[in-house]
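# Working through the structure, step by step
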There are 2 protein chains.
Amino acid sequence: MIADLRALEPPQLKDFTNSLVEQVVAAVTDKIPHLESSLAVAELTVALHYVLNTPEDVLVWDVGHQAYVHKALTGRMNELANMRKPGGISGFLKRDESPYDFFGAGHASTSISALAGVCLADQIAKKTRRRVAVIGDGSLTGGQSFEALNHLGTLGADVLVIINDNEGSIDPTVGALHNEQSYGTYMQSLGWHYTFLEQGNDVRALVDALQQVLAQPGPQTLHIKTKRPDLSPPKSYKPGTTFQWWAAETMEAVLASNADLQILSPAMFAGSGFAPLRERFSDRLIDTGINEAHTVTTAAGIAAAGGRPWVHIYSTFLQRAFDQIIHDIAIQQLPVVFLVDRAGLVGADGPTHHGVFDGDFLMNIPGATVWSPRNGNELQGMLLEAVAQPLDGPLFIRYPKARTEGGIPTDFHAYEWLQKSGGSSLWISTGALSDLMKKGENHLHLAQNWPFFDDFGAILSDFDEIHVFEESTGLGGLAGAVKALMAELDHPGKCITHKLPMEFIEHGPRLQLLREHGFNNFL
Amino acid sequence: MIADLRALEPPQLKDFTNSLVEQVVAAVTDKIPHLESSLAVAELTVALHYVLNTPEDVLVWDVGHQAYVHKALTGRMNELANMRKPGGISGFLKRDESPYDFFGAGHASTSISALAGVCLADQIAKKTRRRVAVIGDGSLTGGQSFEALNHLGTLGADVLVIINDNEGSIDPTVGALHNEQSYGTYMQSLGWHYTFLEQGNDVRALVDALQQVLAQPGPQTLHIKTKRPDLSPPKSYKPGTTFQWWAAETMEAVLASNADLQILSPAMFAGSGFAPLRERFSDRLIDTGINEAHTVTTAAGIAAAGGRPWVHIYSTFLQRAFDQIIHDIAIQQLPVVFLVDRAGLVGADGPTHHGVFDGDFLMNIPGATVWSPRNGNELQGMLLEAVAQPLDGPLFIRYPKARTEGGIPTDFHAYEWLQKSGGSSLWISTGALSDLMKKGENHLHLAQNWPFFDDFGAILSDFDEIHVFEESTGLGGLAGAVKALMAELDHPGKCITHKLPMEFIEHGPRLQLLREHGFNNFL
């Protein structure tokens, strides 16, 4: 299809694009917001592959929310219908899927760094080729993009960064750069030549502009305005059916009765179901931009100033603030509550998004408290308890992207017996897995993963064989903590752990993935 | 002393500052580079505490390398002589040390985020006070500072950020902002008013400028030029005595014989002993700036483009690139070698800098390989092996800030018997601890922490009691992996782990800290 495209004359490009878009729209049935992002750059995608000699020339897409037209054009039109489904192609760029996917992504703001790497490698290899990254105005709020611009601007390389400005990522873009539309002075201050094109959805204008900027030496930016079509209603969670909805429902009451409580989110209020809350409490739900590090240190600053900060963040993005949790919150023993959304397997977004690491890394942070509710009722109880409790460090409330019931907040207890029927074996589970699982003959749900409650050791001593179940990967975590306690107590029994394997798990429905990765006999 | 200062008339400030500086210089005997950074802002420190009503007004120092005069002025003059020594005060800002230390630090680029938090808390509390952060031009290369400026610029708060421009952090500042001295347009593009003062070491000019900018509403920046006195020779490691020196020595040969190999560092070539190498291989030792996330993704980009990237980074700063290691390198199975310097207790820098987390978090990343040499000879052998081995993911070579011998590179082996004398107990240790420790009756050094070598299970099965020693904290790591393997093998014996406790460890000499935190009977 690329060969067909490159055989065209410029006047034919518009029809080609329209036809391509029609086919893509007909094929894609899942994740319509990403389809919208992709259609916003349909003309850009065509223009880039027309002007560049991909895959010899390098094209890096930031995040990859906008990859569908690119995928169609690079040999994967027939795969689009199965995209994000088990066995189908990924919704994001992926190196092992196509040579045209030069650099994979799923998290924001990495593309310009990757491009810097290409320039450095090419300098050593004395390789001349065209090198382009496409980054959205939302992703530009992530500080890594600044780091990359500031560094790459000094390398003397011929390189092009395209700012795809559609005024939003998943949430509308925030920040001074966006508000003041000062991309030109910003880019120039970092040593980049700057060109602006209003007609970002005009394929011939794009071809002309690309040919022009690519002919110029040094670091070039092309800032284009694009329009995202509106194919889907704003993301919302069906009332009363998910952890996300029950979190928002409870936080509405919590915010109403705690006038000092502020919730920060790195550009994910809509994704996490808090968009309606944001309308009601616009002064206290603060979208900081796509910048997890800043978000977490800002929360520390609020706490240091005597405020009451909460942070709402996805598990997979929390990985980006690991240092700030340690350095700014935990060492200083500052009270910050984290709502860790999408802790566990996330389903169709796949390996870049599975929240499978925080179960281990949070428990290793001195002074951290970690809770994982088994259903909506317990989540509600935890949120109410978190407001009431004095804290001297971070508290993490982790919940998966999953269906659950709620409406009757349970009083917070560190643990709960789900079954107690004698015998020598004990099953310990945590989070939504506790409700999803068959029950062991003795089955303890650990709502508070860490630190352990006082009598936990005494309970363990009643059993010979202890099984630990958790929806995360790694060598420590809850299982590691149980083993450490057993060793400390000189417990003579066995501990058998059931965790996700230490590998990157592909996309697929959460339950199916759990079955395929170690939990089949227990669900 | 603050009260004395505030009673002065402006003409008296210069003498006051000079006298203060004299006392500080006489008192401080350790970490002279930080004394230099502090003296560069002696006038600024005096001017700030003169104009502001600290600690009611908020003053946040970025990193805290420049805190010595601030400490002297805020009641800690007599403590300076014991600073960074066991029982003495910290070399950095620390909240529990003084109410004047509003926000602690040790890592760069967090101060403006903290200030954003203060503004948000004050908005809710309807509190009016002056809020100031001081950040160096080096710290400004860290993307979190951009995230914070871009966000805080939109909050409508009265706030001041002072850019302390002395053209360097530990290494000379890099990046386009510095090269083009475009701080003014940069700050303005992010919605900040900008004022420049050349005379950053003139206390009266500073007082005037501060009073002027603090009287203006909205987000203000004051960019000042300061001069760092030259009290110490450039940092260098005594030849032949440290892991750092042997790393540089070996890499010189490796670079000479591998023309495609590039080493990236987030502004720490000097600190890690690679400054001399940088002179010889200036095109292939690339200082990216203080930006760990960008550095790691750039390495991924080099690898994707077919180059051979190595990253030289401190363990504590690697925490800032945890997500990029997962998302950009490990998922894509890209070959990147990491020299992880200061893995383990770092000594006088204390809790913000101890490299005690990477031992656990690296092993949890699917596809990661982790090596920890016991001495300089083994480190040399590992570096040579890392060049020779084909890789399909990240390889981490972790070594502490410690003395060691070298000069006779040992061939790389995944493990080594340090002692084998029969009996039923086995000690397993890794890293420099292996050489530091007494030896168990059977003592295995694990050079390759992860993945385990093939026969490791068979070795374990010969023993009843297995002790694991590692200089890191957390619930997983090497100890967690040994326990997991024992469980998999249905090993009937006991595993006893010896790790650092799960708490933040204060500063002090490394050996003393190891003795005080669990290893006393083994050293």
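Residues numbered from 1 in each chain as written. Chains lettered and ligands numbered in written order. Predicted model: local features only at pLDDT ≥ 70, side-chain atom pairs only at ≥ 80, totals over all residues.

## Points about the overall build of chain A
- Helix and strand content of chain A: 21 helices and 17 strands.
- Since a compact globule built from 523 residues should have a radius of gyration of about 24 Å, the 25 Å found for chain A is in line with a globular shape.
- In terms of overall dimensions, chain A has a C-alpha envelope of 80 × 50 × 45 Å along the principal axes.
- Per-residue burial for chain A yields a buried fraction of 61% across its 523 residues.
- Long-range contacts, defined as pairs at least 24 residues apart, comprise 78% of the intrachain contacts of chain A with a sequence gap of at least 6. (Helix = DSSP H or I, 4+ residues; strand = E, 2+ residues; numbered from the N terminus. Rg over C-alpha atoms; globule rule 2.2 N^0.38 Å. Buried ≥ 20, exposed ≤ 12 C-beta atoms within 10 Å, placed from the backbone. Contact = placed C-beta atoms within 7 Å.)

## Topic: the relation of the copies chain B and chain A
- You can overlay chain B on chain A at an RMSD of 0.0 Å; the transform is a turn of 180° with a shift of 0.0 Å along its axis. Given the turn and translation reported, the copies of this chain are related as if by a two-fold rotation axis.
- Take the interface residues of chain B: 100% of them recur as interface residues in chain A, which is what a same-surface contact looks like. (Least-squares fit on C-alpha atoms with pLDDT ≥ 70 in both.)

## Let's talk about the sheet that holds strand β1 (residues 58-61) of chain B
Residues and elements named next belong to chain B.
- Taken in spatial order, the five strands make up an open sheet running β1-β2-β3-β5-β4, and their pairing is parallel. Either end of the sheet is taken by a strand with one partner, and the two such strands are β1 and β4 (193-197). Neighbour-to-neighbour, the strand axes of this sheet turn through a mean angle of 20°, independent of strand direction.
- As judged from the five bridges shared by β4 and strand β5 (residues 219-225), these two strands associate in the parallel manner. By the bridge assignment for β5, Leu197 is matched with Ile224.
- The sheet strands contacting helix α6 (residues 111-125) are β1, β2 (131-136) and β3 (159-165), and the helix crosses β2 at an angle near 170°. (Pairing = 2+ DSSP bridges. Axes fitted to C-alpha atoms, helices over the stretch in contact; angles between N-to-C directions.)

## Section: the domain arrangement of chain A
Residues and elements named next belong to chain A.
- Domain boundaries assigned for chain A yield domain 1 (2-225), domain 2 (243-398) and domain 3 (415-522).
- The centre of domain 2, based on its C-alpha atoms, is set 24 Å off from the matching centre of domain 3.
- On the domain 3 side, the residues contacting the 24 residues of domain 2 number 29 residues.
- Among the secondary structure elements, those contributing two or more residues to the side of domain 2 that touches domain 3 are α16 (358-361) and β10 (369-371).
- Here the side of domain 2 that touches domain 3 takes three residues from β10, the largest share from any one element.
- In terms of residue class, the side of domain 2 that touches domain 3 is made up of ten nonpolar, nine polar and five charged. (Domains from an automatic or database assignment. Nonpolar A, V, L, I, M, F, W, Y, C, P; charged D, E, K, R; others polar.)

## A word on the interface of chain B and chain A
- Each side of the interface is counted separately: chain B has 92 residues, and chain A has 93 residues.
- Element by element, the count of residues in the side of chain B that touches chain A is highest for α6 of chain B, at eleven residues.
- Looking at side-chain class alone, the side of chain B that touches chain A contains 40 nonpolar, 41 polar and eleven charged residues.

## Some words on the nonpolar core
- Within the largest apolar cluster, 327 residues are counted, with the highest numbers of intra-cluster contacts made by Leu115, Phe338 and Ile397 of chain A together with Leu115, Phe338 and Ile397 of chain B.
- Excluding residues within four positions of it along the chain, Leu115 of chain B makes contact with Gly301 of chain A together with Val60, Arg131, Ala133, Leu152 and Val159 of chain B. (Core = buried A, V, L, I, M, F, W, Y, C linked by C-beta atoms within 7 Å.)

## Points about the packing of helix α11 (residues 243-257) of chain A against helix α17 (residues 376-388) of chain A
Residue and element names in this part refer to chain A.
- Across the interface, α11 lies against α17 with an axial gap of 9 Å and an inter-helix angle of 30°. Helix-helix and strand crossings are classified by hand; for α11 and α17 the assignment is right-handed. Touching Phe243, Trp246, Ala247, Thr250, Met251 and Val254 of α11 are Gly376, Leu379, Gln380, Leu383, Leu384 and Val387, all from α17.
- For the contact of α11 with α17, a count of residues per class yields nine nonpolar, three polar and no charged. (Left-handed = near helix turned anticlockwise from the far one by under 90°.)

## Brief notes about the sheet that holds strand β11 (residues 394-399) of chain B
Residues and elements named next belong to chain B.
- One open sheet holds the seven strands; their spatial order is β7-β6-β8-β9-β11-β10-β15, and the pairing between them is mixed. Because the sheet does not close on itself, it has two edges, and the strands there are β7 (285-287) and β15 (448-450). On average, each strand axis in the sheet is tilted by 25° relative to the strand beside it, whichever way the strands run.
- With four bridges connecting them, strand β6 (residues 261-265) and strand β8 (residues 308-314) associate as parallel partners.

## Considering helix α13 (residues 292-304) of chain B
All names here are of chain B.
- Taking 1.5 Å per residue, 13 residues should reach 18 Å; α13 reaches 18 Å between its end C-alpha atoms and fits that length.
- With respect to burial, α13 is a largely interior element, 13 of its 13 residues being buried.
- Of the residues flanking the end of α13, it is Gly306, one or two places downstream, whose phi is positive at about 90°. (Expected span 1.5 Å × (residues − 1).)

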